[in-house]
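# Chain and residue survey
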Amino acid sequence: MRSFVSLTLMLVACLALPQAGSAQYLTPVDRMEPASLRLTDGWRESAEVRIVALVFELQPGWKTYWRAPGEMGIPPHFDWSGSENLRAAEPVWPVPEVHDALGARYPAFSDRLVLPVRLHVADPTAPIRIRMNAAFGVCRDVCIPANAYVEADLDAATPPGREASLIEAALASRPVDAGTGGLSTIACSLQSNGHLLELTAQM
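The structure presented is a predicted model; accordingly, all values stated were derived computationally and were not measured. (Residues numbered from 1 in each chain as written. Predicted model: local features only at pLDDT ≥ 70, side-chain atom pairs only at ≥ 80, totals over all residues. Heavy atoms only, no water.)

A few words on the nonpolar core. Residues L54, F78, W80, L119, I130 and M132 are the most contacted members of the largest nonpolar core, which totals 31 residues. When contributions to this core are tallied by element, the ones reaching two or more residues are strand 4 (35–46), strand 5 (49–58), strand 11 (112–121), strand 12 (128–139) and strand 13 (143–154). Setting aside chain neighbours within four positions, we find I130 in contact with L39, W80, S83, L119, V150, E151, A152 and L154. (Core = buried A, V, L, I, M, F, W, Y, C linked by side-chain atoms within 4.5 Å. Buried < 20%, exposed > 50% of the residue type's maximum accessible area, 1.4 Å probe, protein only. Helix = DSSP H or I, 4+ residues; strand = E, 2+ residues; numbered from the N terminus. Contact = heavy atoms within 4.5 Å.)

On to the pairing of strand 5. Burial runs high along strand 5: 9 of the 10 residues are buried. Of the pairings in the sheet, the one linking strand 4 to strand 5 comprises 10 bridges and is antiparallel in character. Bridge pairing in strand 5 links T40 to A53. Adjacent in sequence and paired antiparallel, strand 4 and strand 5 are bridged by 2 residues. The sheet contact formed by strand 5 and strand 11 spans 9 bridges and is antiparallel. Along strand 11, the bridge assignment pairs V52 with V117. (Pairing = 2+ DSSP bridges.)

Following the criterion strictly, the structure yields 3 aromatic pairs and no others. Ring geometry for F56 against F136: centres 5.0 Å apart, planes inclined by 80°, an arrangement best described as edge-to-face. Of this pair, F56 sits in strand 5 while F136 sits in strand 12, and the two are 80 residues apart along the sequence. There is no split in this pair, since F56 and F136 are both buried. Between the aromatic rings of W93 and F109, the centroid separation amounts to 6.2 Å while the plane-to-plane angle is 25°, which identifies the pairing as stacked. You can see W93 sitting in the loop between strand 8 (86–91) and strand 9 (97–101) and its partner F109 sitting in strand 10 (residues 104–110), a full 16 residues away along the chain. Here the aromatic residues F78, W93 and F109 are joined through ring pairs into a cluster of three or more. (Phe/Tyr/Trp six-rings, centres within 6.5 Å; stacked < 30°, edge-to-face > 60°.)

Next up on the list: the sheet that holds strand 5. One open sheet holds the 4 strands; their spatial order is 4-5-11-8, and the pairing between them is antiparallel. Edge positions in the open sheet fall to strand 4 and strand 8, since each of these has one partner strand only. When strand polarity is set aside, the average angle formed by the axes of neighbouring strands in this sheet is 25°. (Axes fitted to C-alpha atoms, helices over the stretch in contact; angles between N-to-C directions.)

Right, let's talk about the state of the cysteines for a bit. Applying the stated criterion across every chain, the model contains 1 disulfide. Linked covalently through their sulfurs, C139 and C143 form a disulfide whose S-S length is 2.4 Å. Looking down the S-S bond of the C139 and C143 bridge, the torsion is -55°, so its handedness is left-handed. (Disulfide = S-S within 2.5 Å.)

Right, dumping it as structure tokens:
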């Protein structure tokens with residue numbers, strides 16, 4: 001696998017360092033910048049599906065948002081349209097943390113976000129050429145937009161990556177569908193309580 005990743009936070013550029021045979025890593029120009037991004041390879045789930053992950057490393061106090069960031073957040077967006085031999089890319093979001101800011105609660109991740117992605121390939125015998133643009137937000141006292149570009153060539157015959165266990169842990173922490181995960185059905189009711197809405201959940 002060969003890869004190149006670049007990240008821009010406002011006007012700060014970050015470079016990828018070469019590393020033969022595995023994902024290449026993003027190193028911030030200034031270690032005090034709030035985030036870095038790297039792509040790590042996983043394994044072939046089936047002939048037509050490959051598991052990889054986007055790894056966001058965040059400086060202490062900084063957060064990045066879940067797929068549904070709430071009213072105050074910046075929703076993440078990933079554009080894989082420049083890739084070759086890729087029919088679809090399916091992010092598998094782990095369960096987020098719940099944070100409070102200015103009286104509002106929002107789902108986000110601190111320290112590190114490992115975001116597994118299922119890559120659905122067109123030709124299982126050919127390499128996958130990833131050309132992906134990412135737009136997401138990072139937040140501490142203020143929230144700022146970040147843009148990243150990921151470029152990688154994944155060989156169909158590459159063995160599981162050395163961080164496969166990291167991806168497995170993220171997959172294990174994804175939300176469970178009550179209808180398929182063996183959980184009891186949850187009944188929810190919404191009632192007005194003056195100027196507020198009260199949500200009650202019962203199993």
